[in-house]
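An overview of the molecular structure
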Amino acid sequence: MSIASDYTGYKGLPELVGLHKMEEAINKGLTVNESVNRLKRFHWTAKRLSLILISRITSMPVYELKMAFSMHAHLLAEHVEPFFNRVREMREPPYGMDEAPHATLGVLLDEIQNAPTTEALVIGIYQYVIPSLINGIEKHIADNNKLFDHPTYRICKLALSDIKEIEDYGQTVIKSLISQDDLTEYHSWTCYLETSLNSIGGLDGTHPVSEFKPDGSFWNEAYVFDFIPQRDERFVDGFNMRVNAEAFLLDRDIEALPKTLMLYFKRMREINVPEMMASIVHETEGKPWEYYREMIRQIWDEARHAMMGEVGFASLGIDWKKIPMDVTWCHILNTELSNEERHSILFYIEQGLMPAKTGKKYEWEVAVATTNRLTELIQDYDWADEVLHARIGRDWIVPQLGGQEKALEHGNKAWDKALSNRYDQFELEGRTKHRNWWPEIYTEACEHWGTEPDAVILNFDISYRESRPDQQKV
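These remarks concern the structure in this document. (Residues numbered from 1 in each chain as written. Predicted model: local features only at pLDDT ≥ 70, side-chain atom pairs only at ≥ 80, totals over all residues. Heavy atoms only, no water.)

1. Topic: the pattern of salt bridges
Using the criterion set out here, one finds 40 salt bridges in the structure. Here arginine 267 and aspartate 382 are joined by a salt bridge, their closest N and O atoms 3.5 Å apart. Here arginine 267 is found in helix α10 (residues 256-268), whereas its partner aspartate 382 is found in helix α16 (residues 373-400), with 115 residues between them in sequence. The class of arginine 267 is buried, set by a relative accessible area of 1%. The partner of arginine 304 in a salt bridge is aspartate 301, with the nearest N and O atoms 2.7 Å apart. You can see arginine 304 and its partner aspartate 301 sitting in helix α12 (residues 289-315), three residues apart, about one turn around the helix. (Salt bridge = Lys/Arg side-chain N within 4 Å of Asp/Glu carboxyl O. Helix = DSSP H or I, 4+ residues; strand = E, 2+ residues; numbered from the N terminus. Buried < 20%, exposed > 50% of the residue type's maximum accessible area, 1.4 Å probe, protein only.)

As structure tokens, this is what we get:
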């Protein structure tokens, strides 16, 4: 028996801090060049997929997929820089890492971007690329020497955990939304995906290269970003601006408990923010990756807030589908304002939520006063997130607009421009009758709480016709 096979540490302690048995450490490992080549493919795939997912949030009608795309884009975006930095550490100048490491991999991901339907998109992402990325990372961990290349092992291990979460959800998407008829209809698309991956030796490039190569692009048209936010059929009366949630919340004469409903409404209504921010990220080119990573993180945070509101309504037994989750904010900003105007409004709003007497601290105090722990938790984390978001705005849009004072002035003017005469316009265009949904929802909540509706609160009827959410006159 060799020394290596019988090797042990002091008093039975694991040798090599438990990373490998000695014999395994002697016999396995990748060269720096082999490791780098795989990392470059992981880096590019994570980067492109995160941006592809972001580009589809606005036009994705299915609420659950809109939220999932936000989360999955965030998880992938968080691992782009670690892959990039590890390549730089391994004697490899980062030249060319803003391009696909293999032309066919680049074309493959471009074609997933170009997929014209939800079915084609989710098949490409969740049935092919994500599983291929996982297989590549798992093989890298299995092939590599954890002692010699431990920094890469750690990066891959952390990435694998997040990407497996994406795969788990992605498989439920395939099972729920993709029928056998869909697979038949998209048979040529799946063949293209398989041929593309085989032609480059798998996503990680370690398998035999196929002699069959795809014939260029698959879809006839390149993807064009759709600025108009789409919602599925569960969302009704999307241009309804009848109930001014902020006016209700800021009324000190109204007790805390009924304000729970407006807090949940405001949270779920934040679905507007990922739909709008996705347009900013998609249109903005040439920024450091840190910009995209932070903006994508905020997109995911805002999606989380929407789902927090969903949880809140479920806790009260209230069907949120009865409430008009208006799309007006995102629709106006995306279709009528410039990228810079959109971002300045976002910063103006985030900064306006910082004052203690009217902002996020106040909303948290209202939540605490309800004595409902769920409401308190929702507002606690919402407040924490918004502090971060205000900082993100200060770091990126403020310097672009020449300082904080100019950025706030720019955002204020753009917001006025966006909301001027909208209430009447949407009604005249036949988009809404601005139905007052508040009495019905408040009455349902009172039944849940076991209380009688207060007559004054029941008759609350302040709209957004003349004032913005920050209560400034339009």
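2. Things to note about the packing of aromatic side chains
Two measures describe an aromatic ring pair: the distance that separates the ring centres and the angle between the ring planes. In this structure the tally under the stated criterion is 21 aromatic pairs. Between the aromatic rings of phenylalanine 218 and tryptophan 219, the centroid separation amounts to 4.7 Å while the plane-to-plane angle is 90 degrees, which identifies the pairing as edge-to-face. By relative accessible area, which is 16% here, tryptophan 219 ends up buried. The ring of phenylalanine 235 is capped by arginine 231, whose NZ or CZ atom sits 5.3 Å from the centre of that ring. A cation over a ring is seen here: lysine 287 above tyrosine 291, with NZ or CZ 5.6 Å from the ring centre. (Phe/Tyr/Trp six-rings, centres within 6.5 Å; stacked < 30°, edge-to-face > 60°. Lys NZ or Arg CZ within 6 Å of the ring centre and 35° of its normal.)

3. As for the side chain of threonine 328
Along the chain, threonine 328 turns up in helix α13 (residues 328-336). Overall, the relative accessible area of 5% leaves threonine 328 in the buried class. Filtering out sequence-adjacent residues up to four positions away, threonine 328 remains in contact with Gly238, Phe239, Met241, Asn272 and Phe426. (Contact = heavy atoms within 4.5 Å.)

4. What about the layout of surface pockets?
Put simply, the largest pocket is a space of about 800 Å³. Lining the largest pocket are 35 residues, with Glu246, Arg269, Ile349, Trp415 and Pro469 sitting closest to its centre. Going through the elements one at a time, α9 (245-249), α10, α11 (272-283), α13, α14 (339-352), α15 (360-369) and α17 (404-419) are the ones with two or more residues in the lining of the largest pocket. Looking at the lining of the largest pocket element by element, the count peaks at five residues for α14. Here the lining of the largest pocket is composed, by residue class, of 16 nonpolar, seven polar and twelve charged. Considering only enclosed or pocket space, the second largest pocket measures out at about 640 Å³ in volume. In terms of lining residues, the second largest pocket is bounded by 22 residues, among which Lys47, Leu51, Lys287, Trp289 and Tyr292 are the most central. Broken down by secondary-structure element, the contributors of at least two residues to the lining of the second largest pocket are α2 (32-55), α3 (63-89), α11 and α12. (1 Å grid on protein atoms, 1.4 Å probe; cavity = no way out; pocket = protein on both sides within 12 Å on 5 of 7 lines; lining within 4 Å. Points joined across faces, edges and corners; volume = space filled by probe spheres on them. Nonpolar A, V, L, I, M, F, W, Y, C, P; charged D, E, K, R; others polar.)

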